[in-house]
Amino acid sequence: MKKPELFRKIFLCSLILLISIVFFECNSDKKSEKPKVAVVISTLNNPWFVVLAESAAENARKLGYEAKVFDSQNNPALESDNFENLISSGFDAILFNPTDADGSISNILKAKEAEIPVFCMDREVNSNDAATSQVLSDNYSGCVEIGVEFVKNLKESGKYVEIIGLVGDNNTWARSGGFHSVVDKFPNLKMVAQQSGEFDRNKAMEVMETMLQAHPDIKGVFCGNDAMAMGAYQALLAAGKAEDIKVFGFDGADDVVQKVKEGKIVATGMQFPKIMAKTAAQFADEYFKGRRVFPQRVPVEVVLVK
């Protein structure tokens, strides 16, 4: 064989070997990169949502992924900014607690277009094909039980008020609907006011103060979450009415569970944010491993605490 031909073959073999090594190393680097999981939460101004956020991030990390929490501060515009940020930053999955049942759909669709799966936690959106899956508390059934306790404790008669959550959140209406499916069957129980406390303790305290001024003779108040129940209780305590007006909440927050034990709040519905967070993180893990078909809605039981 002539030397030029030999050198040419050696050169080609070396080049092929070099390309193979580079290709292998690039693929190895790619495979060694941990997928990134974004945890987008409606607000971290509520201890219950802090538990949801931290549990979701912790479970994602336990499964071997990077995780970062984004706080939307109950602001749909900030939620949209969070989505644009995490999409451009190369996150691979989103564990999502929406701010609005309708408004949040467009953000999910942006992620879907970028081929990023979205798993909703606790709050749902009004779509059956936007999110990859939605892991949700059984709010309606939980508040049916609250309604039964409410009727018993008010002895089937008297005026009462309701402090609902965010108007654009489906949980608000699922909880209110479950409660009223029982209470509205008793004609001697009369709701004299219903107002939003925006799922916020301070806002609910202000609302309760206003309601008391207009309706000093009420016998009970149903609050759509425990932060609002604590706000309502504080307002009643300040007005000297805490022993006369019965307070009911929903969430199973530690401070309200303690107040239930002390006999200062009548009852609450215990949700399980850690179960919802763990399920969503597990679904993301299964997605990374190739699963593509998930149940659209996964209900998580609510337990009455009284």
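Attention in this report is confined to the structure presented alongside it. Source: prediction; values computed, not measured.

About the criteria used
Residues numbered from 1 in each chain as written. Predicted model: local features only at pLDDT ≥ 70, side-chain atom pairs only at ≥ 80, totals over all residues. Heavy atoms only, no water. Helix = DSSP H or I, 4+ residues; strand = E, 2+ residues; numbered from the N terminus. Contact = heavy atoms within 4.5 Å. Pairing = 2+ DSSP bridges. Axes fitted to C-alpha atoms, helices over the stretch in contact; angles between N-to-C directions. Core = buried A, V, L, I, M, F, W, Y, C linked by side-chain atoms within 4.5 Å. Buried < 20%, exposed > 50% of the residue type's maximum accessible area, 1.4 Å probe, protein only. Phe/Tyr/Trp six-rings, centres within 6.5 Å; stacked < 30°, edge-to-face > 60°. Lys NZ or Arg CZ within 6 Å of the ring centre and 35° of its normal.

## Section: the side chain of Ser 55
Item 1. Among the structural elements, Ser 55 can be located in helix α2 (residues 47-62).
Item 2. If near-sequence neighbours (up to four positions away) are discounted, Ser 55 is found in contact with Lys 274 and Ala 277.

## So, the sheet that holds strand β4 (residues 118-121)
By way of backbone hydrogen bonds, the strands of a sheet pair with one another, either parallel or antiparallel.
Item 1. With respect to topology, six strands assemble into an open sheet ordered β2-β1-β3-β4-β5-β11, the strand pairing being parallel. At either margin of the open sheet sits one strand with a lone partner, and together these are β2 (66-71) and β11 (297-300). On average, each strand axis in the sheet is tilted by 15° relative to the strand beside it, whichever way the strands run.
Item 2. Relative to β4, strand β3 (residues 93-96) runs parallel, the two sharing three bridges. From the neighbouring strand, Leu 95 faces β4, where its bridge partner is Phe 119.
Item 3. Taken strand by strand, helix α3 (residues 76-88) contacts β1 (36-41), β2 and β3, and its axis lies near 155° from that of β2.

## Considering the nonpolar core
Where a protein is soluble and globular, its nonpolar side chains tend to be buried together.
Item 1. Ile 163, Met 208, Val 221 and Leu 236 are the most contacted members of the largest nonpolar core, which has 28 residues in total.
Item 2. Put simply, the parts of the chain that give this core at least two residues each are β6 (158-164), α7 (201-214), β8 (220-223), α8 (226-238) and α9 (254-261).
Item 3. Residues in contact with Val 221, not counting those within four places in the same chain, are Phe 150, Val 161, Ile 163, Met 208, Leu 236, Ile 245, Lys 246, Val 247 and Phe 248.
Item 4. One finds Trp 48, Phe 49, Ala 53 and Phe 283 within the second-largest nonpolar core, a separate group that totals 27 residues.

## Considering the sheet that holds β8
Item 1. Across the sheet, which stays open at both edges, the four strands sit in the order β7-β6-β8-β9 with parallel pairing between neighbours. Among the strands making up the open sheet, the edge pair consists of β7 (189-196) and β9 (246-248). Across the sheet, the mean angle separating the axes of adjacent strands is 20° when strand polarity is ignored.
Item 2. Pairing between β6 and β7: seven bridges, direction parallel. Following the sheet pairing, Tyr 160 is matched in β7 by Met 191.

## Some remarks on the packing of aromatic side chains
The geometry of two aromatic rings is summed up by the distance between their centres and the angle between their planes.
Item 1. This model, assessed by the stated rule, comprises twelve aromatic pairs.
Item 2. Relative to Phe 96, the ring of Phe 83 lies with its centre 4.9 Å away and its plane at 75°, an arrangement referred to as edge-to-face. Separated by 13 residues along the polypeptide, Phe 83 in helix α3 and Phe 96 in strand β3 bring together distant segments of the chain. Phe 96 carries the same exposure label as Phe 83, and that label is buried.
Item 3. Taken together, a centroid distance of 5.5 Å and an interplanar angle of 75° make the contact between Phe 119 and Phe 294 edge-to-face. Of this pair, Phe 119 sits in strand β4 while Phe 294 sits in the loop between α10 (273-288) and β11; the two residues are 175 residues apart in sequence, bridging distant segments of the chain.
Item 4. You can call Phe 119 buried: its relative accessible area is 0%.
Item 5. Given a relative accessible area of 11%, Phe 294 falls into the buried group.
Item 6. Grouping aromatic residues by their ring pairs yields a cluster made of Phe 150, Tyr 160, Phe 179, Phe 222 and Phe 248.
Item 7. The ring of Phe 91 carries Lys 36 above its face, with NZ or CZ at 4.7 Å from the centroid.
Item 8. Note that Arg 292 overlies the ring of Tyr 287, its terminal NZ or CZ placed 3.7 Å from the centroid.

Everything listed here is a matter of coordinates, which is why it stays silent on function.
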